Amino acid sequence: MDTMTLARIAQLLSTQGLLDRVSNMDDASAQTRVTGADCDSRFAAPNHLFVCKGAAFKPAYLASALESGCVAYLCDDARADELAAVAPGAVQLVASDLRRAMAVASAAAWGHPDRNIDVVGITGTKGKSTVSYMLKQILDAGSAEPRAAILGSIETFDGVEHFESVNTTPESPDLWRHVRNASDSGLPYLVMEVSSQALKYDRVVDLGLDVACFLNIGRDHISPVEHPDFADYFGSKLRIFDQARVAVVNLDTDELDTVLEHARHCERVVTFGCTDAAREAGADVWASNVRPFQGGITFACHTPSWEGDVTVSMPGLFNVDNACAAIAMCEVLGVGRERVVAGLSHVRVPGRMELLLTDDPKVTAIVDYAHNKLSYQRFFSSIVKEFAGRDVIAVFGAPGGKAYERRQELPQEASKWADYLIYTEEDPAHDSVADICQQMSDATPAGQAHEVILDRPAAIERAVELAFASERGAVVCLLAKGDETRQHEGDRFVPCETDGEIFRRAVKRTLTRRTGASGSGAAVAADDGAVANGGAAGAAADGSADNK
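Keep in mind that this is a model prediction, so the values were computed, not measured.

Rules used in this analysis
Residues numbered from 1 in each chain as written. Predicted model: local features only at pLDDT ≥ 70, side-chain atom pairs only at ≥ 80, totals over all residues. Heavy atoms only, no water. Helix = DSSP H or I, 4+ residues; strand = E, 2+ residues; numbered from the N terminus. Rg over C-alpha atoms; globule rule 2.2 N^0.38 Å. Buried < 20%, exposed > 50% of the residue type's maximum accessible area, 1.4 Å probe, protein only. Contact = heavy atoms within 4.5 Å. Areas by Shrake-Rupley, 256 points an atom, 1.4 Å probe, with all protein chains shown as cover. Lys, Arg positive; Asp, Glu negative; His and termini not counted. Charge placed at Lys NZ, Arg CZ, Asp CG, Glu CD. Pairing = 2+ DSSP bridges. Axes fitted to C-alpha atoms, helices over the stretch in contact; angles between N-to-C directions. Disulfide = S-S within 2.5 Å. pLDDT = per-residue confidence, 0-100. Polar contact = N/O pair within 3.5 Å; in protein donor to acceptor, adjacent residues only side chain to side chain. Phe/Tyr/Trp six-rings, centres within 6.5 Å; stacked < 30°, edge-to-face > 60°.

A word on the overall build of the chain. Secondary structure summary: the chain contains 18 helices and 25 strands in total. Expected size for 548 residues packed as a compact globule is a radius of gyration near 24 Å; at 25 Å, the chain falls within 12% of this value. In terms of principal-axis extent, the alpha carbons of the chain reach across some 85 × 55 × 45 Å. Counting all 548 residues of the chain, 57% fall into the buried class. Sequence-distant contacts in the chain: of pairs separated by 6 or more residues, those separated by 24 or more amount to 68%. Total accessible area on the chain is roughly 21100 Å²; 48% of this is exposed by carbon and sulfur atoms. Computed over 52 positive and 78 negative side-chain charges, the inter-centroid distance for the chain is 2 Å.

With that settled, consider unusual backbone geometry. You will see that Asp202, though not glycine, has its phi angle at about 65°, which is positive. With respect to the secondary-structure elements, Asp202 resides in the loop between α8 (196-200) and β11 (209-214). Phi angles above zero are rare outside glycine, and Ala480 is one such case at about 90°. With respect to the element layout, Ala480 can be found in the loop between β22 (474-479) and β23 (486-489).

Turning to the environment of Gly69, a few remarks are in order. Among the secondary structure elements, Gly69 is positioned in the loop between α3 (59-67) and β4 (72-76). Along the primary structure Gly69 and Thr303 are separated by 234 residues, whereas in three dimensions their C-alpha atoms are 52 Å apart. Discounting residues that sit within four places of it in the chain, Gly69 has contacts with Ala45, Pro46, Asn47 and His48.

Read from one edge of the open sheet, 5 strands run β1-β5-β4-β3-β2, paired in mixed fashion. In the strand order of this sheet, the two ends are held by β1 (19-23) and β2 (36-38), each with one partner. Across the sheet, the axes of successive neighbouring strands diverge by a mean angle of 20°, strand direction being ignored. Relative to strand β5 (residues 91-95), β4 runs parallel, the two sharing 5 bridges. Bridge pairing links Asp76 to Ala95 in β5. Its contacts with the sheet place helix α4 (residues 77-86) against β1, β4 and β5, and it is angled at close to 135° to β4. Of the strands in this sheet, β2, β3 (48-51), β4 and β5 touch helix α5 (residues 98-109), which is tilted by about 155° from β4.

So, about the state of the cysteines. Considering all chains together, one arrives at 0 disulfides under this definition. Take Cys39: it sits in no disulfide, and the sulfur closest to it among the cysteines is that of Cys52, at 10 Å. On the basis of relative accessibility, which here comes to 17%, the residue Cys39 falls in the buried class. The thiol of Cys324 is unpaired, and the distance to the nearest cysteine sulfur, on Cys274, comes to 3.7 Å. What makes Cys324 buried here is its relative accessible area of 0%.

When pLDDT is averaged along the chain, the result is 92, and 94% of the positions lie at 70 or above. Contacts for the low-pLDDT stretch residues 518-548, under 50 throughout, to residues beyond four places or in other chains number 64 contacts.

Its place among the elements puts Lys200 in helix α8. In this structure, the C-alpha to C-alpha distance between Lys200 and Ser129, residues 71 residues apart in sequence, is 20 Å. Of note is the side chain of Lys200, whose polar atom sits 2.8 Å from the side chain of Asp232.

Once that is clear, we can look at the pairing of strand β18 (residues 363-368). In terms of burial, β18 is a largely internal element, 6 of the 6 residues being buried. Residues Val363, Ala365 and Val367 point to one face of β18 and Thr364, Ile366 and Asp368 to the other, with burial holding for every one of them. With 4 bridges connecting them, strand β17 (residues 354-357) and β18 associate as antiparallel partners. Of the residues in β18, the one forming a bridge with Leu355 is Ile366. Here β17 folds back onto β18, and the loop between the two strands holds 5 residues. In terms of strand pairing, β18 meets β22 through 6 bridges, oriented parallel. The residue bridging Ala365 from the neighbouring strand is Val476, located in β22.

A separate point is the packing of aromatic side chains. Aromatic rings in a pair are described by how distant their centres are and how their planes are angled relative to each other. On inspection of all chains with the given rule, the structure shows 10 aromatic pairs. Measuring from ring centre to ring centre gives 5.6 Å for Phe57 and Tyr61, while their planes differ by 80°; the resulting arrangement is edge-to-face. The exposure class assigned to Tyr61 is partly exposed, which follows from its relative accessible area of 33%. Seen in terms of ring centroids, Tyr376 and Phe396 are 5.4 Å apart; in terms of plane orientation they differ by 90°. Their pairing is edge-to-face.

Our focus in this paragraph is the sheet that holds strand β14 (residues 285-293). Taken together, 11 strands build an open sheet; the order of strands is β9-β8-β7-β10-β6-β11-β12-β13-β14-β15-β16 and the sheet is mixed. Strands with a single pairing partner mark the edges of an open sheet, and in this sheet they are β9 (162-164) and β16 (307-312). Each strand of the sheet is rotated relative to its neighbour by a mean of 20°, with strand direction disregarded. Two elements, β11 and strand β12 (residues 244-250), share 5 bridges in a ladder whose sense is parallel. In the strand pairing of β12, Ala212 is matched with Ala247. Each of β7 (148-151), β8 (155-157), β9 and β10 (189-193) touches helix α7 (residues 172-184); the most contacted strand, β7, lies at about 165° to it.

Within the element layout of this structure, Ile422 appears in strand β20 (residues 420-423). Sequence spacing of Ile422 and Ala463 is 41 residues, and the spatial spacing of their C-alpha atoms is 7.6 Å. When sequence neighbours within four positions are dropped, the list of residues in contact with Ile422 reads Ala394, Val395, Phe396, Glu451, Ile453, Ala459, Arg462, Ala463 and Leu466.

As C-alpha cells, this is what we get:
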C-alpha cells in the first residue's frame, strides 16, 4: 500500500474540484502520514483524518478527535471559522462538496482496501438483506471460519467488528474502515446492501464493486427527508452500475428496459428470473419445479455451468427469486454447485421468514422484515398459499419521519390478504405512534377487521390470543421489526425485545390461561385500551372474515 499523506489527500480533492481551501498545512505537516478517516470521534485514532459533518455535529467532537491523535480535519465552509477557533493551528481542509469529498478522502486514507477483496453490492426495494445472507452463507459453506464480511440493515461483520446495524449502508469513513478490517482479516469477500440513500448521498463513491446486483424497484422511500419522487429514488438506485465491473439483473423487475440500459455500462451482464417471461427472455439463471414444504422450498435450478435441485431452508415462495439472485452472483464469482447447495440448505436470515411453531400445530407465526408495498405483495401472496385455510393475523406499523406513503399503502395491501390487522408501533422517531396508527386505520378499506394497540408487546399478545381462539387455525405475521432489539424513539434507539421473544412469551401465557380456564374454546377478551374496528374483535378467530 502506498503511503498516503495529507498533501496527497489535498491534491486528490483539488484535482476532483472538491477542495475549497487548506489552512495551517506547511511543508512538514504536508508529509504527515494518514492511515484512516473517521466521522465519529469515538473511533478517532492517531494519523487519521477527522470529518466534521451532520446537523448534530458539535465542535467538542473535533477537540476529542484531535486529542485522540487525528492529524487534520475536513469540513465545509459553513463551519470552517467556528472550527478554526476551536482548533487553532490544526490542519484544516475545507470542502466545496463535503459528502463527496468525505467519500473520496476516506477511500484514499484507508488505502483503497477494496482492491484486495471481492466486493458485492446488492440494491433493490425488496430482498437486499435476504439475498445478502444467502450469498454470505454460500460463500462461507465448507469453511470452519467465515469467508465473507457482511454490511447491511441487520448486522455488520467485518472480521474485527460485529454488531447490530443502524444504517443499511454506513457513512463513507465507517464503510472504508469495515472494508479495511475485512481485508486485513483475510476475508476474501465483502457482501453489502447498498441503499438508495447511500447512492444518492455519495457514501459509496470510489468503492469498486466486482458485482452489482439489482433485485427490483417499487415505489418506496418517498418523503421530504428521503427522495422527493420516484424518479429520484429510481435514479439513485441505478447509480450502482456506475462503479461495478459486472451487473446481475432480475429480468422480472419493473422498469426492466431502463435497468438493463444502465447495466450494460458494466463489462458483463448476468441475468436471472423465475417467471416464464424471464426464461423466455433468456435468463442465465432460472428455476423450475418449485416444491414448498413446511420450513423451506426445493426447486430445480438452471445455470450456465450446472443444473440440479436446490433446497432453501426458509419458507416463502419468493425466496426462490432471492436464491436465484445469490446463485447468479456465484456464477460471476466462480462459486460452484456444491457450495451453493450446502449454503442454501442451512441458510437462516435473522428476522426474515422465521417460522415459529407452537405446541398447537394449527397456530404458527412468521417473523419478517416486510415493510413496504412490494414486500407485502410478495410476503402475503406466499403466506396464503403456504398456509391455505388458516386465518391470517398481521401485526405491523409504519415508521416516523419518512416513507409516509406506507401509512396508506400497507393497510390497503394487507387488507387484500389478511383476515385481521393490528396496528402498532414501529420506530416512530419524532412522530406520535397514535397519529401514525390513526392514519393507518383511516386508510383501511371499509369492512376490514382491525384494531389499534399502541404497545407492540401488547399487540403481539392480542394476535396470539386471536390465533388460539381460531377454529381454523391461524398464522400470525409479525412484520417490519424482524430480529431488531432497538426501537427508534425520538433521537434515541431504545432497547426492546425481538418480536420472536415476545411471541414465545405470549404463547406460554395464553396456553397457561387457556389450560386453566373452563370452556377453553372461549375467545380471550381484548386488552385494555385496544380499539377494534370493522367488526367484532374475534372476527378473524371465528372465520367470519374472508381470507383474501
